[in-house]
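# Secondary and tertiary structure notes
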Amino acid sequence: MDLTDVLIALLVVLAGFGLWLTGTALTIWGERRVVAKMQTRIGPNRVGPLGILQTLADGIKLFFKEDITPEAADKFTYYVAPMLSAVVAMLTFAVIPFGGTFEVGDREVTMQIWDPEIGLLWVLAMSSLSVYGIALGGWASGSKYPLLGGVRSSAQMISYELAMGLGLAAVFIWTGTLQVSEIVEAQSGTFFGFLPAWNIGPQIFAFVLFFVAAVAETQRPPFDLPEAEGELVAGFVTEYSGAKFAMFFLGEFMQMVTMSAVTVTVFFGGPNGPLFGLEGTLLGALLAHFYFLIKTVAFVFVFIWLRGTLPRFTYNRLMDLGWKVFLPLGLLWVMLTAAIVVAQETLAQDELLFGIGVVLAVLIALLLVSMLFERRGPEPEDEDAEPTDQSALPSAAETAREAAERRGAKQIEVDV
Amino acid sequence: MFNALRKGFGLTAKTMFRPAVTTEYPDVKRQVQPRFHGRHVLNRYPDGLEKCIGCELCAWACPADAIWVEGADNTPGARYSPGERYGAIYQINYLRCIFCGLCIEACPTRSLTMTHEYELSADRREDLIFTKDQLLAPLPEGAKPPPHTDEEVRARGITYYPGAQSQDPLATKEHSEETAAHRAMLDPALMQLSDVEYNHVERDRNIWTEYEEPQGELSDSEEGS
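Residues numbered from 1 in each chain as written. Chains lettered and ligands numbered in written order. Predicted model: local features only at pLDDT ≥ 70, side-chain atom pairs only at ≥ 80, totals over all residues. Heavy atoms only, no water.

## Details of the overall build of chain B
Per the secondary structure count, chain B includes eight helices and five strands. If you list the helices and strands of chain B from N to C, you get α-β-α-β-β-α-β-β-α-α-α-α-α. Each of the 225 residues in chain B was classed as buried or not, and the buried ones make up 32%. Of the accessible surface of chain B, which amounts to about 14800 Å², a share of 55% is contributed by carbon and sulfur atoms. (Helix = DSSP H or I, 4+ residues; strand = E, 2+ residues; numbered from the N terminus. Buried < 20%, exposed > 50% of the residue type's maximum accessible area, 1.4 Å probe, protein only. Areas by Shrake-Rupley, 256 points an atom, 1.4 Å probe, with all protein chains shown as cover.)

So this is what it looks like as structure tokens:
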């Protein structure tokens, strides 16, 4: 490894860092614009063309705001926590290939900062580290509200980390590798000659699992309970102001970009796309980079779309979804994937087809049976599952009517 | 479930392509209704004399006690308004004013009216007490700022205050010709109108005399009770 190698590595790091930083800045602006559009407003339009420099203005404003450190705060941790949140999101991006490969002289340069063999484990490790930023921030503030908020938020993030891990685990099993470059490699080519051979096809369920978990993990709406404006006066950030507060939310936006990039890499073929014979050249690498950007921006848009559409979950529903729905379903899917992979490797083709046929037959039979039961009326489990609205209110109305009759009064119409 | 998702996400996706309803306020101002109650103005006659005669009826009518008027006598050498007196001190406190419009209804000379200006804000409380020089309408074109002398005023030969009450609804042709010169002084545009139209204009100016009780709403409320 000589000086040129070091220089190339530095340039790649710079490119990645610049891309990701400008991406974050543009995401903050884009989110405000898009959400405004979804609410028939205009959004930021004062600074720069279309308000594109709004993030800069926001940043300047936040850095010049009064910075308060509470007396009771654990100073060191209090300062480190916001940085942790931001840095961790940055570190995750290191393993993402954000462009193609090209040749300079006799060297091959890949637009990826680091390609370790543990690849996606690094993603999981880093995203679990971001919990520390929140938990430590809540604890170090030296106040009860942030502490409660921090505990709540870490509980949420840990619950969804399991689902996220299971979503990725299914992909590990499917592709048989942890290394990001190999996962991307495995997604090149096509199914049936025209569909791109992305993991989203065979692993659609893992994708849904992973993406929902990623939204919860990044604390984005509809899972933005850590902010908790209503219940906890801003949760774990209650005691943070100015630049330190900005760091937490920068971290959130950075995570959004990073998670979109991870989703694209793992399920949508990363920088794969038709290169029109430009493989190995700089132009080809840029084209691949363009594909990667398009896909990532699409996912960032989905994040924003979610925010513009869905109301915030309540905490109990959030926890139910994480532990009671995603965890068992995720385990099931991992098992199923493993079974399919093992079957592919061991069985002959006709045996495999027979197996699939049996599974399909069983599924169709189950579907028919369930339809039969559905026709006979609502299942008893439905009433157990939702005792809140449908079953509770009419009975309340009935009791009111009965009480009125007992008193000999005229029958009161209760508006339900 | 999928139908609900399609509906919800479809709605926001569709809304993205609708034009924004935002009014970009400081840049673009929306037109207010014709009878909007904005900042007051103290009107003048076309020759520059003030319409305010310092009668203080506006101050008496004000439910918020926001108006302070002190009248003073006109003298032959210094005439500010037609008649005996003029408003020497005139102040409206916009910290108290509720823009109800009772003052403009009380004004017998249509001196006090309300404009469409609603941008009333200041850094200091004192700045929101508007004095006479702020409230007075600008001088009409070619007019001389008061005080005028009585000689000048007499030479013009104008009958001041042609309110709706002073107009004869059955005015003859001669009569209307007599007042035509006066009309021209008020507003050249009114010269083009016929007598009937002119009376309509005057009637519209004086909202209060032509005000009619809304019939439908009254009967509704009686039914309710």
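What follows picks up the thread again.
## Description of the overall build of chain A
Helix and strand content of chain A: 14 helices and four strands. Across the 416 residues of chain A, 42% fall into the buried class. For chain A, the computed accessible surface area is about 22400 Å², with 69% contributed by carbon and sulfur atoms.

## Observations regarding helix α9 (residues 242–267) of chain A
All names here are of chain A. The terminal C-alpha atoms of α9 lie 37 Å apart, and with 26 residues this matches the ideal 38 Å at 1.5 Å per residue to within 8%. Most of α9 is tucked away: 23 of the 26 residues are buried. Positive phi appears at Gly269, one or two residues downstream of α9, with a value of about 75°. (Expected span 1.5 Å × (residues − 1).)

## A closer look at the packing of helix α1 (residues 3–38) of chain A against helix α3 (residues 75–93) of chain A
Residue and element names in this part refer to chain A. Running from amino to carboxyl end, α1 crosses α3 at an angle of 125°, the nearest separation of the two axes being 11 Å. Put simply, α1 runs oblique to α3. Note that α1 runs across α3; the crossing there is right-handed. Touching Gly16, Phe17, Leu19 and Trp20 of α1 are Ala86, Ala89, Met90 and Phe93, all from α3. Within the contact of α1 with α3, the residues separate by chemical class into seven nonpolar, one polar and no charged. (Axes fitted to C-alpha atoms, helices over the stretch in contact; angles between N-to-C directions. Parallel < 35°, antiparallel > 145°, perpendicular 65-115°, else oblique. Left-handed = near helix turned anticlockwise from the far one by under 90°. Contact = heavy atoms within 4.5 Å. Nonpolar A, V, L, I, M, F, W, Y, C, P; charged D, E, K, R; others polar.)

## Quick look at the packing of aromatic side chains
Between two aromatic rings, the relevant description is the distance of the centres plus the angle of the planes. Residue and element names in this part refer to chain A. Counted by the stated rule, this structure contains 30 aromatic pairs over all chains. Summarising the aromatic geometry, the rings of Phe245 and Phe249 are spaced 4.9 Å apart at their centres and angled 35° between planes, so their arrangement reads as tilted. Highlighted residues: Phe245 and Phe249, both in helix α9, separated by four residues, approximately one helical turn. Judged by its relative accessible area of 18%, Phe249 falls in the buried class. (Phe/Tyr/Trp six-rings, centres within 6.5 Å; stacked < 30°, edge-to-face > 60°.)

## Concerning the interface of chain B and chain A
Counting residues at the interface gives 13 residues for chain B and 14 residues for chain A. Around 1200 Å² of area is buried between chain B and chain A when both sides are counted, 66% of it from carbon and sulfur atoms. The interface formed by chain B and chain A holds one salt bridge in total. Residue Asp27 of chain B is joined to Arg46 of chain A by a salt bridge in which the shortest nitrogen-to-oxygen separation is 3.2 Å. By residue class, the composition of the side of chain B that touches chain A is six nonpolar, four polar and three charged. (Buried area = accessible area lost by both parts, 1.4 Å probe. Salt bridge = Lys/Arg side-chain N within 4 Å of Asp/Glu carboxyl O.)

## Remarks on unusual backbone geometry
Cis peptide bonds are those with omega within 30 degrees of zero, and the linkage from Pro221 of chain A to Pro222 of chain A qualifies with 5°. The residue Pro222 of chain A is located in the loop between α7 (204–217) and α8 (229–232) in this model. With an omega of 10°, the peptide bond between Pro146 of chain B and Pro147 of chain B qualifies as cis. Its place among the elements puts Pro147 of chain B in the loop between α4 (132–135) and α5 (150–156). At Leu50 of chain A, a position not held by glycine, the phi torsion is positive, near 60°. Leu50 of chain A sits in the exposed class, given a relative accessible area of 56%.

## Some remarks on the environment of Leu136 of chain A
Residues and elements named next belong to chain A. With respect to the helices, strands and loops of the structure, Leu136 is situated in helix α4 (residues 119–140). Taking relative accessible area as the criterion, Leu136 reaches 28% and is therefore assigned partly exposed. It is 32 Å that separates the C-alpha atoms of Leu136 and Phe98, two residues lying 38 residues apart in sequence. Contacts of Leu136, omitting those with residues within four sequence positions, involve Thr77, Ala81 and Leu84.

## Things to note about the nonpolar core
Counting 72 residues, the largest nonpolar core has Leu120, Tyr160, Phe210 and Phe267 of chain A as its most contacted members. At 10 residues, the largest contribution of residues to this core is made by α9 of chain A. Non-local contacts of Leu120 of chain A, meaning those with residues more than four positions away in its chain, are made with Leu168, Phe172, Leu178, Val180, Ile183 and Val266 of chain A. By size, the runner-up hydrophobic cluster in this structure holds 22 residues, among which are Ala59, Ile67, Leu128 and Leu136 of chain B. (Core = buried A, V, L, I, M, F, W, Y, C linked by side-chain atoms within 4.5 Å.)

## Looking at the UniProt feature "binding site: [4Fe-4S] cluster 1" (unreviewed entry) in chain B
All names here are of chain B. The positions that UniProt labels "binding site: [4Fe-4S] cluster 1" (unreviewed entry) are, in the present scheme, Cys52, Cys55, Cys58 and Cys107. The greatest C-alpha distance among the annotated residues, which extend across 56 residues, is 10.4 Å, indicating that they converge on a single site. Locating Cys58 in the fold gives a position in helix α2 (residues 57–61). The contacts of Cys58, once residues within four sequence positions are left out, are Ile67, Val69, Tyr90, Cys103, Ala106 and Leu112. Structurally, the position occupied by Cys107 is in the loop between α3 (102–106) and β4 (112–114). Residue Cys107 is classed as buried on the basis of its relative accessible area of 14%. (UniProt positions renumbered as here; feature names shortened; annotations may be inferred.)

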